[in-house]
Amino acid sequence: MQPENLQRKGILAFLILAGLVLLSAPLVGMYTIPPAALLDFGSGSTESTVFWTLRTPRVCLAFLAGAALAVSGMAFQGLFRNPLATPFTLGVSSGAALGVGLYVRMGLSLSLPGIPGTSLFALLGALLAILLVYGLSRARKSSSTMTLLLAGVAVSFFFASLLLFLQYLNDFTQSFRVLRWLMGGLEVVGFEPVLNLLPAVVAGTLILFWLSQDLNLLLAGEEVAMSRGVDVRRTRKILFLACSLMVGAVVAACGPIGFVGMMAPHICRLLIGANHRILLPATFLFGGSFLTLCDTLARTIIAPVEIPVGILTALLGGPFFLWLLVRKRGTGL
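For clarity, every value in this text was computed on a predicted model and none was experimentally measured. (Residues numbered from 1 in each chain as written. Predicted model: local features only at pLDDT ≥ 70, side-chain atom pairs only at ≥ 80, totals over all residues. Heavy atoms only, no water.)

Novice: I keep staring at the overall build of the protein and nothing clicks. Help me out?
Specialist: Across its full length, the protein holds 13 helices and zero strands. Tracing the protein from N to C terminus, the helices and strands come up as α-α-α-α-α-α-α-α-α-α-α-α-α. Taking 333 residues into account, the globule formula puts the C-alpha radius of gyration at 20 Å, and the protein, at 20 Å, falls close to it. Seen through its principal axes, the protein has C-alpha atoms that stretch 65 × 55 × 35 Å. Taken over 333 residues, the protein has a buried fraction of 49%. Partitioning the contacts of the protein with sequence separation of at least 6, the portion at a separation of at least 24 is 76%. Just so you have it, the protein exposes about 15600 Å², and 70% of that area is on carbon and sulfur atoms. Across the protein, the mean location of the 22 positive side-chain charges is 12 Å away from that of the 12 negative side-chain charges. (Helix = DSSP H or I, 4+ residues; strand = E, 2+ residues; numbered from the N terminus. Rg over C-alpha atoms; globule rule 2.2 N^0.38 Å. Buried < 20%, exposed > 50% of the residue type's maximum accessible area, 1.4 Å probe, protein only. Contact = heavy atoms within 4.5 Å. Areas by Shrake-Rupley, 256 points an atom, 1.4 Å probe, with all protein chains shown as cover. Lys, Arg positive; Asp, Glu negative; His and termini not counted. Charge placed at Lys NZ, Arg CZ, Asp CG, Glu CD.)

The structure is reproduced here in structure tokens:
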């Protein structure tokens, strides 16, 4: 357990980091925009247009997506008591990918105001995965963590196999569209995608904060949590639905960006301890900052060509995952 003053300093450090990242990232790109562009909103200059229409919305979307993936990963790691758990453990990513695969394969051009067709079908696929996992756990008249985990793995593999079948049937152009989406991306124009994602992230994060003390008790085991008055089944159900819907919204907006939800909460847990009431805001700030920094690096390292941000997070997450596997851990997380 970390001392309380150290935890407060950690939160302050993450807050300062998030502020610096949000202020500086929009200025960095293929060419650097001077800070004076912050005052030129609506001037019509090229720098002002790039800053307010392209870079700032992209940075905001990256921060929201990273924060949502990080706190969802934190919740799943606490729920399953496993630091290797990720927001995509229960099949949300595979469901969204299948939705996009069906959209591309059928050659549809449907959309809603402010929501592209790929994002719409990704969200529908994610919701289908959530309902299937929840339905399978209810069919066994059990919502234990093991049942949820097994149902999620089964749904994930089934949807992945269907997506491979669709990819086999697709032509080159269709296959490339699906493959590019699977790499993850944060290319947006304007703030509409940010505003679409914001309610899901805010609502999901508030629910997790409300249940943070229950998560602390679940770390000690379900029996201990029940003895302290926690309704384990209800808490598990709310956590599952809140995290899955939040992750589904992120995947619909940005594609499946892996490893953020595994790395960020684990790093924060090592630095400030496992108290979820403190860990949640730290993870939110660090996860958002981490993905924003990754996206900034991805769009500048070989500019003018952009690397899909999902590739960069996977390059960082793979070695981190292996380190977690071989690291000697004590008890707990």
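Novice: I'm lost on the packing of helix α12 (residues 276–298) against helix α13 (residues 309–326) in this one. Help?
Specialist: In a pair of packed helices, the angle between the axes and the distance between the axes together describe the arrangement. Axis separation between α12 and α13 bottoms out at 9 Å; the angle between their running directions is 115°. Classified by the angle between their axes, α12 and α13 sit roughly perpendicular to one another. Crossing geometry of α12 relative to α13 is assigned as right-handed. On α13, the residues that touch F290, L291, C294, D295, L297 and A298 of α12 are V309, L312, T313 and L316. Split by residue class, the contact of α12 with α13 holds eight nonpolar, one polar and one charged. (Axes fitted to C-alpha atoms, helices over the stretch in contact; angles between N-to-C directions. Parallel < 35°, antiparallel > 145°, perpendicular 65-115°, else oblique. Left-handed = near helix turned anticlockwise from the far one by under 90°. Nonpolar A, V, L, I, M, F, W, Y, C, P; charged D, E, K, R; others polar.)

Novice: What should I look at first to understand unusual backbone geometry in this one?
Specialist: Even without a glycine there, the phi angle at R81 is positive, about 55°. Within the secondary structure, R81 is located in the loop between α2 (46–80) and α3 (92–105). On the basis of relative accessibility, which here comes to 46%, the residue R81 falls in the partly exposed class. We note that F259 has phi near 75°; this positive angle belongs to a residue other than glycine. When you line up the elements, F259 lands in the loop between α10 (232–254) and α11 (260–272). With a relative accessible area of 29%, F259 lands in the partly exposed category.

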